[in-house]
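Coordinate inspection notes
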Amino acid sequence: MSTEDRPPAPRSLAEALRARGDASLGALLRSRPDLITPVPTDLTQLATRAGTRASVVRALERLDRFALQTAEALAVAADPATYDELLGLMAGDDADPAVVAALPHALDLLREQALVWGDDDRLRLVRTARELLAPSPQHPSPTGLGPTVQEATAGMSPGRIQEIVTTAGLASTHDSVSAVGALTGLFTDRARMAALLAKAPADSLDVLERLVWGPPYGQVTADPAPRLRWLLDRGLLLPTAPGTVVLPREVALHLRRGLAHRTPEPVPPAVEAAAVHRPQVVDSTAAGQAYTALATVEELLKDWDEGGPAVLRAGGLSVRDLKRTAVALDVPEPTAAFWVELAYAAGLLASDGEADERYAATPAYDEWLEQPAAERWSVLVTAWLAATRTAGLVGGRDAKDRTLSALGPGLDRSAAPEVRRRVLALLAGLPQGAAPATGSVLARLRWERPLRGDRREDDLRGRLAEWALSEAELLGVTGRGALSSQGRALLGAPVPPAPAPEAEPSGPGDKLPVHHHRSAPPAALSPAEQAVASAAAARLLAPMLPEPLDHVLLQADLTAVAPGPLKRPLADMLGVLADVESKGGATVYRFTPGSVRRALDAGQAASDLHAFLAAHSRTPVPQPLAYLIDDVARRHGHLRVGAASAYVRCDDDAVLSEILADKRAAGLGLRRLAPTVLAARTDPAGLLEGLRAMGFAPAAESAEGDVLITRALAHRTPPRAAPEPVPDGPPVPDDTLLSAALRAVRAGDLASTTPRKSGSAPAANGELPRTGAAETLATMQAAVLTGEALWIGFVNAEGAASQRVIAPIRVEGGFVTAYDHTADEVRTFPLHRITGVAELADDAG
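Residues numbered from 1 in each chain as written. Predicted model: local features only at pLDDT ≥ 70, side-chain atom pairs only at ≥ 80, totals over all residues. Heavy atoms only, no water.

A general feature of soluble globular proteins is that nonpolar side chains tend to end up buried together. Among the nonpolar cores identified, the biggest contains 90 residues, and Leu 17, Phe 187, Leu 236 and Leu 237 are the most heavily contacted of them. The residues contacting Leu 236, other than those within four sequence positions of it, are Phe 187, Met 193, Leu 196, Leu 197, Leu 208, Trp 230, Leu 231, Val 246, Leu 247, Pro 248 and Val 251. Formed by 72 residues, the second largest nonpolar core is a distinct cluster that contains Tyr 359, Ala 416, Leu 424 and Ala 538. (Core = buried A, V, L, I, M, F, W, Y, C linked by side-chain atoms within 4.5 Å. Buried < 20%, exposed > 50% of the residue type's maximum accessible area, 1.4 Å probe, protein only. Contact = heavy atoms within 4.5 Å.)

As structure tokens, this is what we get:
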């Protein structure tokens, strides 16, 4: 392309954006969605918003390390800088090939993010970014560079500047500006600078070596040592304040061989494999973990079936209740907090909202229980992927030094879903069966998002990644540290076929390819896409889950062994009739008088229990167990409690006498009404509990004298929705919103930049045109006949003013119907809301 055919260089960021196509603008708005919240009126407003401090900080924080290093180099380069100058700062005199290859991509990324604009011969970093990244005494640059010679000598006397120039071997000048220019020219000339430093004393060079990579500031006394005096006399060190000197930027760059950064990082760190397993082993291990996850969540909510722990006044679970939950689940407290938070995130657990507020299962839990096991697992992992609540923070302190509790406030971290998904994506980049080294994953994440400033947040991202790895293992997304087939499907990634046995790596010593290519983190799936991916993961998992059994093995020591997971009716009934003694590959249940009485209280007769055990045992019912059931059933209901306020009746008056004589009955307020009847001050429920604590087995009876079957009713909350994740900034716009936003911005830009005829009195300084009603009507009617477009000012019903370009079609009844170029549609405008009209120039287009 010839110079004449080349489009003019943009003079501002707005002009650079105006020259972009829709695809490029769409990429900008996707990567920086805060720019269209709300939709800007035109490209000038878009450029202004892209240069605001909050938006620029957010964009800088989302750059990878090399792109950020490129921006930092531009901040210490001339403004504007050429591509060759930038390349020199990034690749140095040795022209590192990796930097040379990666720099165009990094620069394209900065341009796409609207942080850099201009052609390669005039690269400009947006002003706000330069202010944030340029070195200053208060905010040192990550490059370790100090101010330029011109900046460092700004307050120096002209005489002193001339002395430095002369001592450095340069000719004196007539003014300070030319003197500073001559000194800068010396320091940027490699040959002359090398000759100057060759004359320097060795200890003076040692001083420069200590300052060259930063910080560039040092302290001196009022009478500097000779090695410092030699540097100060030649401007190789310049005073910035009493007792403080700085190494000028040009001198440091010479000593660094042109490098702005000590270690440019153009290539992301490799994600290395710490161990290698057969993919089949990984999948089967993950499937076992997935089933354990389902069993743990069921056990948690079954334990809270009649109402769980109380809700703290400030919200959340008390430390004591978390400890009890951990003991009940036989897991450490941090793991118990994870399961509690997961059930909450999946909508299976919530507070009941009563006056005495407690946690309980939601109605969605009952629906969840009826689903196949693989589908129940997909509900849990889908909720985990999207949740911003972070269980790993439980037990820590918030900004006000208050303890963070499970299910309480303050646990949301908006970065958590992105970190989880990125960690799994890095695992997906390894060969099947390869488990990553945790340190290499953390190093890769730090390269991809090198957060600046707040080190606590930087540390949080590392902790989020570590928690994501451990939680993925608990859920069965990974097995033995490697991503499982169902985990790949959950991300929406294709699941490769398993390699042939002879090609499989056999241990951690095998060399594997490392995942180090430069790739953008994958975007989160939409809800519809995630539903499809979760369903695919469930289909892969289903064949690997164990089939529930319909039998147990009864033993003579009053125990039953379940050699695997049990079908739900069998497991529920056995959970009432016996107590769980141990869990693992097989579950051991123990029958006790209390557990048998619990089954009888739930409405089962002794004959029902005998029939149940005979039907579901692969071994004969042991005689001791049959005797236990019959013995408890014979005494069950021997005492009966009713409402008098409450009473006890028994055919054996000796038993009642025994109760009256027992000191433990003093609190029940018992008195004999008849030889076989005792009355009590306490209520029937309290009387039942008191007698059972004394070792008796009373049964409640109705007003008609029949035995009441008391069943523990499951306590459920009202319908509750799962907690909404806290978004990390504005959501990424979908295609529909993006298309509408681009159309509105383009149309608004057309209205604001279309040239007007000089004689039509357009408003100055962006104000709306002003014409009288008669002139407005006449101009509209003329435009209908000629088909010309007009520029109008319009005030809507809410009082918001805007400017538009319209092509009038019809004027009647106080309204003008026109094609609105700004909205890209035909609209009708009331004439009384049009502030004025102006004709467009003939070459407007």
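Bringing the pattern of salt bridges into the picture now. Taken as a whole and assessed by the stated rule, the structure comprises 34 salt bridges. The salt bridge partner of Arg 229 is Asp 233, with a shortest N-O separation of 3.6 Å. Of this pair, Arg 229 and Asp 233 both sit in helix 14 (residues 226-233), four residues apart, which is roughly one turn of that helix. Given the relative accessible area of 33%, Arg 229 is considered partly exposed. (Salt bridge = Lys/Arg side-chain N within 4 Å of Asp/Glu carboxyl O. Helix = DSSP H or I, 4+ residues; strand = E, 2+ residues; numbered from the N terminus.)

For the protein, per-residue confidence averages 85 on the pLDDT scale, and residues scoring 70 or more make up 89% of the total. Within the model, the stretch residues 501-520 combines pLDDT values under 50 with 47 contacts to residues more than four positions away or in other chains. Contacts from residues 759-765, a stretch scored under 50 in pLDDT, to residues over four places away or in other chains number nine contacts. (pLDDT = per-residue confidence, 0-100.)

This next bit is on helix 2 (residues 22-31). Among the residues of helix 2, Leu 25, Gly 26, Leu 28 and Leu 29 are the ones counted as buried. Taken around the axis of helix 2, the buried residues stretch over an arc of 160 degrees, which confines them to a single face. (Arc of directions from axis to C-beta.)

Bringing the sheet that holds strand 15 (residues 587-590) into the picture now. Spatially, the four strands line up as an open sheet ordered 12-13-15-14, and their pairing is antiparallel. Every other strand in the sheet has two partners, leaving strand 12 (553-555) and strand 14 (579-582) as the edge strands with one partner each. If you compare each strand with its neighbour and ignore which way they point, the axes differ by 30 degrees on average. Where strand 13 (residues 559-562) meets strand 15, four bridges bridge the pair, whose relative direction is antiparallel. (Pairing = 2+ DSSP bridges. Axes fitted to C-alpha atoms, helices over the stretch in contact; angles between N-to-C directions.)

Now for empty space enclosed by the protein. Within this structure, the stated rule accounts for five cavities of 30 Å³ or more. The computed volume of the largest cavity comes to approximately 80 Å³. The element contributing the most residues to the lining of the largest cavity is helix 18 (residues 333-345), with four residues. Class assignment for the residues of the lining of the largest cavity results in six nonpolar, one polar and four charged. (1 Å grid on protein atoms, 1.4 Å probe; cavity = no way out; pocket = protein on both sides within 12 Å on 5 of 7 lines; lining within 4 Å. Points joined across faces, edges and corners; volume = space filled by probe spheres on them. Nonpolar A, V, L, I, M, F, W, Y, C, P; charged D, E, K, R; others polar.)

What follows is about the packing of aromatic side chains. Using the criterion set out here, one finds three aromatic pairs in the structure. Aromatic pair Phe 338 and Trp 339: ring centres 5.0 Å apart, planes at 55 degrees, arrangement tilted. Exposure class is identical for Phe 338 and Trp 339. Each is buried. The interplanar angle of 80 degrees and the centroid separation of 5.1 Å between the aromatic rings of Phe 794 and Phe 829 together place this pair among those described as edge-to-face. (Phe/Tyr/Trp six-rings, centres within 6.5 Å; stacked < 30°, edge-to-face > 60°.)

Our next topic: the sheet that holds strand 24 (residues 825-830). What the five strands build is an open sheet, ordered 24-23-22-21-25; its pairing is antiparallel. Of all the strands in the sheet, just strand 24 and strand 25 (834-839) have a single pairing partner and so form its edges. Mean inter-strand twist for the sheet, computed between neighbouring axes without regard to direction, equals 45 degrees. In the sheet, strand 21 (residues 790-795) pairs with strand 25 via five bridges, with the strands oriented antiparallel. By the bridge assignment, Phe 794 is partnered in strand 25 with Ile 834.

The next subject is the packing of helix 26 (residues 568-577) against helix 27 (residues 593-601). Relative orientation of the contacting elements helix 26 and helix 27 amounts to 120 degrees, with a least axis distance of 7 Å. Classed by the angle they form, the pair helix 26 and helix 27 counts as oblique. In contact with Gly 575, Val 576 and Leu 577 of helix 26, helix 27 contributes Ser 595, Val 596, Arg 598 and Ala 599. Split into classes, the residues belonging to the contact of helix 26 with helix 27 amount to four nonpolar, two polar and one charged. (Parallel < 35°, antiparallel > 145°, perpendicular 65-115°, else oblique.)

This paragraph deals with the side chain of Ser 141. Secondary-structure assignment places Ser 141 in the loop between helix 8 (127-133) and helix 9 (149-152). Classification of Ser 141 by relative accessible area gives buried; the value is 9%. Reaching out from Ser 141, the side chain makes a polar contact with the side chain of Thr 143 at a distance of 2.7 Å. Residues within four places of Ser 141 in sequence aside, it is in contact with Val 76, Leu 133 and Pro 135. (Polar contact = N/O pair within 3.5 Å; in protein donor to acceptor, adjacent residues only side chain to side chain.)

This next bit is on the environment of Asp 94. Within the fold, Asp 94 resides in the loop between helix 6 (83-91) and helix 7 (97-112). When its relative accessible area of 58% is taken as the criterion, Asp 94 is described as exposed. Linking Asp 94 and Leu 259, residues 165 residues apart in sequence, is a C-alpha distance of 9.5 Å.

The subject of this paragraph is unusual backbone geometry. The omega angle of the peptide bond from Thr 37 to Pro 38 is 0 degrees, so this bond is cis rather than trans. On the secondary structure map, Pro 38 appears in the loop between helix 2 and helix 3 (43-50). For the bond running from Gly 214 to Pro 215, omega is -5 degrees, close enough to zero to count as cis. Mapped onto the secondary structure, Pro 215 falls in the loop between helix 13 (202-211) and strand 3 (217-219). Of note in the backbone geometry, Arg 257 takes a positive phi value of approximately 60 degrees without being a glycine.

Turning our eyes to something else, we now look at the environment of Arg 681. Position of Arg 681 among the secondary structure elements: in the loop between strand 19 (677-680) and helix 31 (684-693). You can call Arg 681 exposed: its relative accessible area is 67%. Distance in space between the C-alpha atoms of Arg 681 and Gly 667 is 9.0 Å, their sequence separation being 14 residues.

A separate point is the pairing of strand 22 (residues 801-812). As paired elements, strand 21 and strand 22 share six bridges and run antiparallel to each other. Looking across to strand 22, one finds that Val 795 is bridged to Ala 801. If you look at the hairpin formed by strand 21 and strand 22, you'll find five residues sitting between the two strands, and Gly 799 has a positive phi there, around 90 degrees. Bridge count between strand 22 and strand 23 (residues 815-820): six bridges; the pairing is antiparallel. Residue Val 811 lies in a different strand from strand 23, and its bridge partner there is Val 816. Where strand 22 folds back onto strand 23 in an antiparallel hairpin, the turn is made up of two residues, including Gly 813, whose phi is positive at roughly 60 degrees.

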